[in-house]
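Given next are the chains, with one letter for each unit.
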Amino acid sequence: MGTITTDDGTEIFYKDWGSGQPIVFSHGWPLSADDWDAQMMFFLAQGYRVIAHDRRGHGRSTQTGDGHDMDHYADDLAALTAHLDLHDAVHVGHSTGGGEVARYLGRHGEERVAKAVLISAVPPLMVRTDANPGGLPKSVFDDIQTQVATNRSRFYRDLPSGPFYGFNRPGAEPSEAIIANWWRQGMMGGAKAHHDGVVAFSQTDFTDDLRKITVPVLVMHGDDDQVVPYENSGPRSAELLQNGTLKTYAGFPHGMPTTQAETINADLLEFIRS
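Residues numbered from 1 in each chain as written. Predicted model: local features only at pLDDT ≥ 70, side-chain atom pairs only at ≥ 80, totals over all residues. Heavy atoms only, no water.

## Some thoughts on the overall build of the chain
Then comes step 1: Helix and strand counts for the chain come out as 10 helices and 8 strands.
Then comes step 2: Taking 2.2 N^0.38 as the reference for a compact globule, 274 residues should give roughly 19 Å; the C-alpha atoms of the chain span a radius of gyration of 17 Å, in line with that estimate.
Then comes step 3: On the principal axes, the C-alpha backbone points of the chain span a range of 40 × 40 × 40 Å.
Then comes step 4: Residues classed as buried in the chain amount to 56% of the 274 residues present.
Then comes step 5: Of the contacts made within the chain by residues no fewer than 6 positions apart, 76% connect residues no fewer than 24 positions apart.
Then comes step 6: When the accessible surface of the chain is split by element, carbon and sulfur atoms take 49% of a total near 10700 Å².
Then comes step 7: Averaging the positions of the 22 positive and the 36 negative side-chain charges in the chain gives two centres separated by 1 Å. (Helix = DSSP H or I, 4+ residues; strand = E, 2+ residues; numbered from the N terminus. Rg over C-alpha atoms; globule rule 2.2 N^0.38 Å. Buried < 20%, exposed > 50% of the residue type's maximum accessible area, 1.4 Å probe, protein only. Contact = heavy atoms within 4.5 Å. Areas by Shrake-Rupley, 256 points an atom, 1.4 Å probe, with all protein chains shown as cover. Lys, Arg positive; Asp, Glu negative; His and termini not counted. Charge placed at Lys NZ, Arg CZ, Asp CG, Glu CD.)

## What to know about the UniProt feature "domain: AB hydrolase-1" (unreviewed entry) in the chain
Then comes step 1: The positions that UniProt labels "domain: AB hydrolase-1" (unreviewed entry) are, in the present scheme, residues 22-254.
Then comes step 2: Along residues 22-254 the backbone is 42% helical and 15% strand, and the end-to-end C-alpha distance reaches 25 Å. (UniProt positions renumbered as here; feature names shortened; annotations may be inferred.)

## So, the packing of aromatic side chains
Then comes step 1: Under the criterion given, the structure shown has 13 aromatic pairs.
Then comes step 2: Aromatic side chains F25 and W36 sit 4.9 Å apart centroid to centroid with 40° between the ring planes, which places their arrangement in the tilted category. Highlighted residues: F25 in strand β3 (residues 22-26) and W36 in the loop between β3 and α1 (37-45), separated in sequence by 11 residues. There is no split in this pair, since F25 and W36 are both buried. (Phe/Tyr/Trp six-rings, centres within 6.5 Å; stacked < 30°, edge-to-face > 60°.)

## Focus: the sheet that holds strand β7 (residues 217-222)
Then comes step 1: One open sheet holds the 8 strands; their spatial order is β1-β2-β4-β3-β5-β6-β7-β8, and the pairing between them is mixed. Whereas interior strands pair on both sides, the edge strands pair on one side only; in this sheet they are β1 (2-5) and β8 (244-249). For this sheet, the mean angle separating the axes of adjacent strands, direction not counted, is 20°.
Then comes step 2: Pairing of β3 with strand β4 (residues 49-53), which is carried by 4 bridges, proceeds in the parallel orientation. Across the sheet, P22 pairs through a bridge with R49, a residue of β4.
Then comes step 3: Contacts between helix α3 (residues 96-108) and the sheet are confined to β3, β4, β5 (89-94) and β6 (113-119), with β5 contributing the most and set at about 140° to the helix.
Then comes step 4: Packing of helix α10 (residues 261-273) onto the sheet brings it into contact with β3, β5, β6, β7 and β8, and relative to β6 it is tilted by some 155°. (Pairing = 2+ DSSP bridges. Axes fitted to C-alpha atoms, helices over the stretch in contact; angles between N-to-C directions.)

## Digging into helix α4 (residues 138-161)
Then comes step 1: Given a rise of 1.5 Å per residue, 24 residues ought to cover 34 Å, yet the end C-alpha atoms of α4 are separated by just 23 Å, more than 12% below that figure.
Then comes step 2: The largest bend in α4 amounts to roughly 125° and is located at N151.
Then comes step 3: Turning to α4, its buried residues number three or more, namely F141, I144, Q145, V148, R152, F155, Y156, L159 and P160.
Then comes step 4: At its buried positions, α4 is contacted by α5 (176-188) and α6 (191-203). (Expected span 1.5 Å × (residues − 1). Bend = angle between axes of the 7 residues up to and from the residue.)

## Brief notes about the nonpolar core
Then comes step 1: W29, F201 and V217 are the most contacted members of the largest nonpolar core, which has 52 residues in total.
Then comes step 2: Counting 23 residues, the second largest nonpolar core, distinct from the first, contains M220, Y249, M256 and I264. (Core = buried A, V, L, I, M, F, W, Y, C linked by side-chain atoms within 4.5 Å.)

If you want it as structure tokens, here you go:
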């Protein structure tokens, strides 16, 4: 574990375990590198080097007041990969982290990258616009920002208790441990970063980034994702990628790397080894 300091003075916390081909994990909003525990431990045991960082303003990284946009997120990731001198890396991004990975590849190129994976990811564009009529209304994201600014602790219990992991579905058995761990990670970060990050993940258009990517990309998405709806995300991203493969999971929720870790890890391993 360690930190790097970016050009604007932000300290980025990261974990770096093991040796072998590096797998770099980018987490979702408003969580931290800890959200990848099930993947980090699995791939470490498979002989890979596993790396995960806390996005600026999240987890143990600096609670800076600015820079909470996809360009800064991508630049921070690029600074980390350069600091660690990574090559032949596999980049895996969940949700907002998938946007971070797409922008990193589109903005900084593929010289250090072998493959990428987008899991329940926000690209190409979440918010509804004239050019993106299948997106969600901006009012949805405005409400999230209001909740973060005024009642963050309550909101960070309600979201994982319900749609994030599909615990609101009939017959689902909510896990208090998973819900509490989500709340813990969220409350470690800064309210300002999380507030601004809503705009970053919802209003950033990744279409051009996806079109630039030439390395193999696996797009993994559950068709019961209540946070990043399936039809306007996974299939569209796969179509925009030059070398993309879509894998759809029937009934899986947004947080499937946690609740369906065994399935997700096995499919990730198959893709990385292929």
